[in-house]
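# Residue-level structure breakdown
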Amino acid sequence: AQSENVLAYFVNVERIPNSCSHPPKHISLKDRKILVNLSMAYYRIHISAYNEAGESPRAIYIVPEFFATDLPGQIHVKSQGTNAVVTWTPEYNPKCFVVDWGTGKEDMHMKILTTATGNFTLDNFQPYVLYKIMVHTSDVCQCESFIRNEKTFGVTHFYSIEGVPRTGPINVTILNITKHSALVKWTEIAAEDRLGFLQGYRISYTDSSMKKSPAVTLNSSITSYHLTGLKEKTTYRVLISGFTNAGEGPLTLSQPFSTPKYGTVETM
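Residues numbered from 1 in each chain as written. Predicted model: local features only at pLDDT ≥ 70, side-chain atom pairs only at ≥ 80, totals over all residues. Heavy atoms only, no water.

The subject of this paragraph is the overall build of the chain. Summing up its helical and strand segments, the chain has 2 helices and 21 strands in all. Scaling as 2.2 N^0.38, a compact globule of 268 residues should have a C-alpha radius of gyration of about 18 Å, whereas the chain reaches 26 Å, well beyond that. Principal-axis analysis of the C-alpha atoms places the extent of the chain at approximately 80 × 55 × 30 Å. Classification of the 268 residues of the chain by burial places 40% in the buried group. Taking contacts inside the chain between residues at least 6 apart in sequence as the whole, the part at least 24 apart equals 64%. By element, 50% of the accessible surface of the chain is carried by carbon and sulfur atoms, the whole surface being about 15,400 Å². For the chain, the distance from the average site of its 25 positive side-chain charges to the average site of its 23 negative ones is 7 Å. (Helix = DSSP H or I, 4+ residues; strand = E, 2+ residues; numbered from the N terminus. Rg over C-alpha atoms; globule rule 2.2 N^0.38 Å. Buried < 20%, exposed > 50% of the residue type's maximum accessible area, 1.4 Å probe, protein only. Contact = heavy atoms within 4.5 Å. Areas by Shrake-Rupley, 256 points an atom, 1.4 Å probe, with all protein chains shown as cover. Lys, Arg positive; Asp, Glu negative; His and termini not counted. Charge placed at Lys NZ, Arg CZ, Asp CG, Glu CD.)

As structure tokens, then:
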């Protein structure tokens, strides 16, 4: 609203994490827009206005995380207890590599590698925790220059030790109940409860005599399943669990539902 009184804007682009000894230099500009080419590292942008009376408080903007499918390289991670060996094959030999790893923007570490290497050992990984590892390249190895020159080579996610999910899926609902079928829907297991890479779900059902059907294995991206072969006028409960490479997690039981003798019943 008072842009006519603004002499300039100051913009600071801060890399997260930033192991440089000096804070990034601010960019001064007249316009209210700026184009910056950034890597896939995390960034925090500080914006303030300046006039003859001084500088305004800073507005802080966190650059949203984004995903790319066309990165030039692949990263491979091999667990060694609480350590991990990260390897990659460079497409060329940059002046340096920059490795980021951690659980998210509030917990990231940064290491600058100035040797022509294709591997790096990381330590102090906790079991059952999902880590993000990024490798970037730069042809200018002055710390403050990474913001302008850094390009992301590859990104991967990693568990040092996988566990079984601590919960099953939630919000299990039964819809479109007929004499011989019903539609089951659920909400996927939350990322923090998976404790490993979710491979899929197993779904089965029991009738009023507690006879259990064979389990059906579904892909982890599926959150609904059409039950068929049910008996009319019978009460059922659905059982669903998620599984990782470490095994199967606890079962979630649906509310009981009954098939009708004729037609379709109200959904739950």
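Still more ground to cover, so stick around.
Domain assignment breaks the chain into domain 1 (8-63), domain 2 (75-159) and domain 3 (173-259). Summarising the inter-unit geometry, the C-alpha centres of domain 2 and domain 3 are found 39 Å apart. Across the boundary between the two partners, domain 2 contributes 5 residues, which contact 4 residues of domain 3. Summing both sides of the interface, domain 2 and domain 3 together bury roughly 360 Å²; the carbon and sulfur share of this comes to 71%. Its largest share of buried area at the contact with domain 3, domain 2 owes to Tyr128, His157 and Tyr159, together 92% of the area lost on that side. (Domains from an automatic or database assignment. Buried area = accessible area lost by both parts, 1.4 Å probe.)

This part covers the sheet that holds strand β6 (residues 75-80). In spatial order, the strands read β6-β7-β10; together these 3 strands make up an open sheet with antiparallel pairing. Edge positions in the sheet fall to β6 and β10 (119-122), since each of these pairs with one other strand and no more. Recorded for the sheet is a direction-independent mean angle of 20° between the axes of neighbouring strands. Examined bridge by bridge, strand β7 (residues 83-88) and β10 share 4 bridges and lie antiparallel to one another. (Pairing = 2+ DSSP bridges. Axes fitted to C-alpha atoms, helices over the stretch in contact; angles between N-to-C directions.)

Further remarks concern the UniProt feature "domain: Fibronectin type-III" (unreviewed entry) in the chain. Under the feature "domain: Fibronectin type-III" (unreviewed entry), the UniProt entry names residues 168-262. The span residues 168-262 shows a helical share of 4% and a strand share of 48%, and its end C-alpha atoms are spaced 33 Å apart. (UniProt positions renumbered as here; feature names shortened; annotations may be inferred.)

With that out of the way, let us pick up a nonpolar patch on the surface. Taken together, the side chains of Ile27, Ile34 and Val36 make up a nonpolar region of the molecular surface, amounting to roughly 200 Å² of accessible area. Looking at where Ile27 falls in the secondary structure, it is placed in strand β2 (residues 27-29). (Patch = residues over 30% accessible without salt bridge, like charges linked within 9 Å, V, L, I, M, F, W, Y side chains within 5 Å. Salt bridge = Lys/Arg side-chain N within 4 Å of Asp/Glu carboxyl O.)

Our focus in this paragraph is the sheet that holds strand β17 (residues 224-228). Taking strand neighbours across the sheet as the criterion, the 3 strands line up as β13-β14-β17 in an open arrangement whose pairing is antiparallel. Unpaired on one side and paired on the other, β13 (170-175) and β17 mark the two borders of the sheet. Here the average twist between neighbouring strands, direction ignored, is 20°. Across 4 bridges, β13 lies against strand β14 (residues 181-187) in antiparallel orientation. Note on β14: the bridge partner recorded for Leu175 is Leu183.

The next thing to look at is the environment of Ala8. As for its placement among the helices and strands, Ala8 is situated in strand β1 (residues 8-16). Put simply, Ala8 and Ala49 are 41 residues apart on the chain and 6.1 Å apart in space, counted from C-alpha to C-alpha.

Here Glu150 is to be found in the loop between α1 (146-149) and β12 (151-158). Here Glu150 falls in the buried class, since its relative accessible area comes to 4%. In this structure the side chain of Glu150 is engaged in a polar contact, spanning 3.2 Å, whose partner is the side chain of Arg15. A polar contact of 2.5 Å, which involves the side chain of Glu150, links it to the side chain of Ser39. Excluding residues within four positions of it along the chain, Glu150 makes contact with Arg15, Ser39, Ala41, Tyr43, Val98, His136, Thr137 and Ser138. (Polar contact = N/O pair within 3.5 Å; in protein donor to acceptor, adjacent residues only side chain to side chain.)

What follows concerns the nonpolar core. Side chains of nonpolar character tend, in soluble globular proteins, to be buried together. Counting residues in each nonpolar core, the largest one holds 18 residues, and the members touching the most others are Val184, Trp186, Val238, Ile240 and Phe257. Looking at this core, the elements that each hand over two or more residues are β13, β14, β15 (200-207) and β18 (235-244). One finds Val86, Trp101, Leu122 and Val135 within the second-largest nonpolar core, a separate group that totals 16 residues. (Core = buried A, V, L, I, M, F, W, Y, C linked by side-chain atoms within 4.5 Å.)

Turning our eyes to something else, we now look at the pattern of salt bridges. Evaluation of the coordinates by the stated rule reveals 7 salt bridges. Glu188 is paired through a salt bridge with Arg194; the nearest N and O atoms lie 3.5 Å apart. Judged by its relative accessible area of 43%, Glu188 falls in the partly exposed class. With its nearest N and O atoms 3.5 Å apart, the salt bridge here joins Glu248 to Arg202. Highlighted residues: Glu248 in strand β19 (residues 247-248) and Arg202 in strand β15, separated in sequence by 46 residues.

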